[in-house]
Amino acid sequence: MPGPGMDLIGEEEKQQILEVIEGGYLFRYGSADDPAFKAKVYGLEQAVAGLVGVPYAVAVNSGTTALLVALLGLGIGAGDEVIVPGYTFIASMSSIVYARAVPILAEVDATLNLDPEDVERKITPRTRAIMVVHMLGNAARMDALAAIADAHGLLLIEDCAQAFGASYKGRMLGSIGDVGTYSFNVYKTVTAGDGGMVVTSDETAYRRCFAVHDQGHSPLRTGVEVGRRPFVGLDFRMTELTAAVILAQLGKLALIRTRLHANKARLKAGIADLPGLTFRELPDPEGELATLLTVFLPTEAIARAVAAELGTKVVADSGWHVYSNMEQLLEKRVPTAEGWPDRQARYSGPEVAYRKGMLPQTDALLARAINIGIGVRDAGLGSAFGVTVRDGADAVDACVDAFRRAADKHLR
């Protein structure tokens with residue numbers, strides 16, 4: 001099942017796409033004097049920048065690409081370490097590896113986001129950045145993490161792939177760190193099937209990120225630029241069709257948030273009195289996206305039994321979002337002969353080992369946790385049980401009843 005945006009695709013998306021098709025111009029660049037060119041990508045960049053509250057945005061073709069562009073745009077590469085949580089989508093780690101830096105895994109706490117205390121422990125002279133991942137639409141402890149980054153002179157990257165539209169103490173996620181990234185994948189808040197965005201308030205970072213994503217060109221390709229391109233870039237551009245769909249979806253973001261918050265509040269209230277049941281910590285309950293409701297059961301055995309009753313699984317078993325299930329990470333597999341970035345000559349640290357059990361706090365939390373879908377039903381997140389953005393009170397109440405029946409059998 002998809003994320004909330006896909007559930008709400010309708011006439012608005014059709015109209016946006018039709019404008020592009022009728023114009024017959026699919027490339028992101030064109031003449032402002034040509035009525036066939038609709039400038040959807042540029043319009044999307046401006047809209048997202050305005051929504052987030054930053055001056056700069058670069059549209060790219062995926063959330064993974066957005067992370068790689070951000071890392072390269074910030075100059076992170078061989079010899080560098082980037083601290084990243086052990087509970088995140090594999091793209092957080094793979095983007096670091098493809099930038100030729102070394103991922104250093106850190107614990108999550110009861111927010112299921114980076115534990116600031118463990119981040120502090122993982123800092124070495126080689127640490128260049130902290131990659132904060134706002135998992136499942138919920139903000140990390142940004143005050144503490146930003147303070148750590150400032151104290152150690154580290155870059156702060158916000159991976160907001162699962163948190164587009166969420167905020168922290170009045171600031172949109174993605175606008176707090178040096179660079180923020182978003183995904184418009186089918187499982188995300190708003191979607192075009194795929195797509196991504198990089199946002200920043202730093203003009204230098206913006207110009208570098210733009211050059212990375214568009215063959216070294218300056219932003220918006222102003223002029224011929226021969227002799228003035230800063231470095232060799234790649235092609236990670238977004239098409240006009242993708243941007244058209246996302247522009248339509250942006251108009252539904254407020255509706256999505258309203259529905260998700262209402263359904264989550266009703267479901268949470270319906271099970272809150274169950275003995276021994278606790279909920280994930282929310283640093284900013286009003287700002288979270290509410291795409292999922294995460295519950296903690298008293299023990300792993302109880303959590304597994306309840307999950308089995310519901311036809312779902314504990315978060316620890318939820319596929320490639322958990323470090324211990326990422327065999328390609330644990331075995332340090334890369335497609336080229338030089339191997340993992342910790343084998344590069346510029347890397348001065350000891351070999352970095354990844355193994356199951358290396359993050360015991362994370363392991364213990366995820367083994368007792370169940371994700372209940374509110375707007376995202378994704379087996380890869382362990383949220384096969386739940387409701388969707390289209391569901392109303394009756395469906396939520398049925399979900400409450402099913403959860404209570406399952407929990408009553410084991411919470412005694």
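This text follows the structure it describes.
*Asks:* What's the story with the overall build of the chain in this structure? I'm lost.
*Replies:* A tally of regular secondary structure across the chain gives 14 helices and 12 strands. Its C-alpha atoms give the chain a radius of gyration of 21 Å, near enough to 22 Å, the size a compact globule of 412 residues would have. Overall, the chain is about 75 × 55 × 35 Å in size when its C-alpha atoms are taken along their principal axes. Residues classed as buried in the chain amount to 59% of the 412 residues present. Looking at the chain alone, contacts between residues at least 24 apart form 68% of all its contacts between residues at least 6 apart. Counting every atom, the chain has about 16,000 Å² of accessible surface; 53% of that belongs to carbon and sulfur. Looking at charge distribution, the chain has the averaged site of its 41 positive side-chain charges lying 2 Å from that of its 49 negative ones.

*Asks:* What is the right way to read the sheet that holds strand β9 (residues 196-200) from this model?
*Replies:* By definition, the strands of a sheet pair up through backbone hydrogen bonds, in either a parallel or an antiparallel sense. Strand order in this open sheet of seven strands is β1-β9-β8-β5-β4-β2-β3, and the pairing throughout is mixed. Strands with a single pairing partner mark the edges of an open sheet, and in this sheet they are β1 (56-60) and β3 (102-106). Looking at each pair of strands side by side, their axes are set apart by 20° on average, direction ignored. Two elements, strand β8 (residues 179-183) and β9, share four bridges in a ladder whose sense is antiparallel. Bridge pairing in β9 places G180 opposite V199. Against the sheet, helix α8 (residues 203-213) engages β1, β8 and β9, with an angle of about 15° to β1.

*Asks:* Would you mind showing me how to read the packing of helix α3 (residues 40-52) against helix α9 (residues 240-250) here?
*Replies:* At their nearest, the axes of α3 and α9 sit 8 Å apart, and the two run at 35° to each other. Once α3 is placed against α9, the crossing between them reads as left-handed. Facing K40, V41, G43, L44, A47 and V48 of α3, the residues of α9 in contact are E240, A243, A244, I246, L247 and L250. Tallied by class, the residues present in the contact of α3 with α9 amount to nine nonpolar, one polar and two charged.

*Asks:* Hey, could you run me through the sheet that holds strand β12 (residues 369-373) in this one?
*Replies:* Spatially, β10-β11-β12 is the arrangement adopted by the three strands of the open sheet, whose pairing is antiparallel. Either end of the sheet is taken by a strand with one partner, and the two such strands are β10 (278-279) and β12. As paired strands, strand β11 (residues 292-296) and β12 are joined by five bridges and run antiparallel to one another. Considered in β12, the bridge of F296 is made with A369.

*Asks:* Would you mind showing me how to read the packing of aromatic side chains here?
*Replies:* The description of an aromatic ring pair uses the distance of the two centres, along with the angle that the planes make with each other. With the rule as written, the count across this model stands at eight aromatic pairs. Ring plane angle 75° and centroid distance 5.9 Å describe the contact between F89 and W320, whose orientation is recorded as edge-to-face. Of this pair, F89 sits in the loop between β2 (81-85) and α5 (90-98) while W320 sits in the loop between α11 (300-310) and α12 (327-330), placing them 231 residues apart in sequence. According to the relative accessible area criterion, F89 is partly exposed, its value standing at 31%. With centroids separated by 5.1 Å and ring planes inclined at 85°, the aromatic side chains of F164 and Y182 adopt a geometry described as edge-to-face.

*Asks:* What exactly am I supposed to notice about the layout of surface pockets here?
*Replies:* Over the atoms, a rolled probe matching the size of one water molecule traces out where space is still vacant. Approximately 450 Å³ is the volume found for the largest pocket. As for the largest pocket, its lining consists of 29 residues, of which F89, S183, N185, K188 and H321 are closest to the centre. The element best represented in the lining of the largest pocket is helix α4 (residues 63-73), accounting for three residues. Here the residues of the lining of the largest pocket sort into 13 nonpolar, 12 polar and four charged. Along the walls of the second largest pocket sit 13 residues, with E81, I104, K122, T124 and V352 positioned nearest its centre. Elements with a minimum of two residues in the lining of the second largest pocket: β3 and α6 (116-122). A per-class count over the lining of the second largest pocket returns seven nonpolar, one polar and five charged.

*Asks:* Sorry, what's going on with the nonpolar core here?
*Replies:* A general feature of soluble globular proteins is that nonpolar side chains tend to end up buried together. By size, the foremost hydrophobic cluster in this structure holds 138 residues, and its most contacted members are I271, V295 and F403. Of all the elements, helix α14 (residues 393-408) adds the most residues to this core, at seven residues. When sequence neighbours within four positions are dropped, the list of residues in contact with I271 reads L277, F279, L293, V295, I372, V400, F403 and R404.

*Asks:* What should I look at first to understand the side chain of S62 in this one?
*Replies:* Mapped onto the elements, S62 comes out in the loop between β1 and α4. The buried category is assigned to S62, whose relative accessible area is 13%. Of the polar contacts made by the side chain of S62, one reaches the side chain of T65; its length is 2.9 Å. When near neighbours in sequence (up to four residues on either side) are disregarded, S62 contacts D194, G195 and G196.

*Asks:* Honestly, the state of the cysteines in this entry has me stumped. Any pointers?
*Replies:* Should the sulfur atoms of two cysteines be covalently bonded, the bond is a disulfide. As enumerated under the stated definition, the model contains zero disulfides in all. C209 supplies the cysteine sulfur nearest to C160, a cysteine that is in no disulfide, at a spacing of 14 Å.

*Asks:* What is the right way to read empty space enclosed by the protein from this model?
*Replies:* Evaluation of the coordinates by the stated rule reveals two cavities of 30 Å³ or more. In this structure, the largest cavity encloses a volume near 50 Å³. Around the largest cavity sit K264, K268, F279, R280, L282, L292, L293 and T294, which together line it. Take the lining of the largest cavity: its biggest share by element is three residues, from β11. Each residue belonging to the lining of the largest cavity can be placed in one class, and the counts come to four nonpolar, one polar and three charged. Approximately 30 Å³ is the volume attributed to the second largest cavity. Taken together, Y56, A57, V58, V198, V199, T200, Y206 and C209 make up the lining of the second largest cavity. Within the residue set of the lining of the second largest cavity, elements represented by two or more residues are β1, β9 and α8. Counted by class, the lining of the second largest cavity contains seven nonpolar, one polar and no charged residues.

Cut-offs used in this document
Residues numbered from 1 in each chain as written. Predicted model: local features only at pLDDT ≥ 70, side-chain atom pairs only at ≥ 80, totals over all residues. Heavy atoms only, no water. Helix = DSSP H or I, 4+ residues; strand = E, 2+ residues; numbered from the N terminus. Rg over C-alpha atoms; globule rule 2.2 N^0.38 Å. Buried < 20%, exposed > 50% of the residue type's maximum accessible area, 1.4 Å probe, protein only. Contact = heavy atoms within 4.5 Å. Areas by Shrake-Rupley, 256 points an atom, 1.4 Å probe, with all protein chains shown as cover. Lys, Arg positive; Asp, Glu negative; His and termini not counted. Charge placed at Lys NZ, Arg CZ, Asp CG, Glu CD. Pairing = 2+ DSSP bridges. Axes fitted to C-alpha atoms, helices over the stretch in contact; angles between N-to-C directions. Left-handed = near helix turned anticlockwise from the far one by under 90°. Nonpolar A, V, L, I, M, F, W, Y, C, P; charged D, E, K, R; others polar. Phe/Tyr/Trp six-rings, centres within 6.5 Å; stacked < 30°, edge-to-face > 60°. 1 Å grid on protein atoms, 1.4 Å probe; cavity = no way out; pocket = protein on both sides within 12 Å on 5 of 7 lines; lining within 4 Å. Points joined across faces, edges and corners; volume = space filled by probe spheres on them. Core = buried A, V, L, I, M, F, W, Y, C linked by side-chain atoms within 4.5 Å. Polar contact = N/O pair within 3.5 Å; in protein donor to acceptor, adjacent residues only side chain to side chain. Disulfide = S-S within 2.5 Å.

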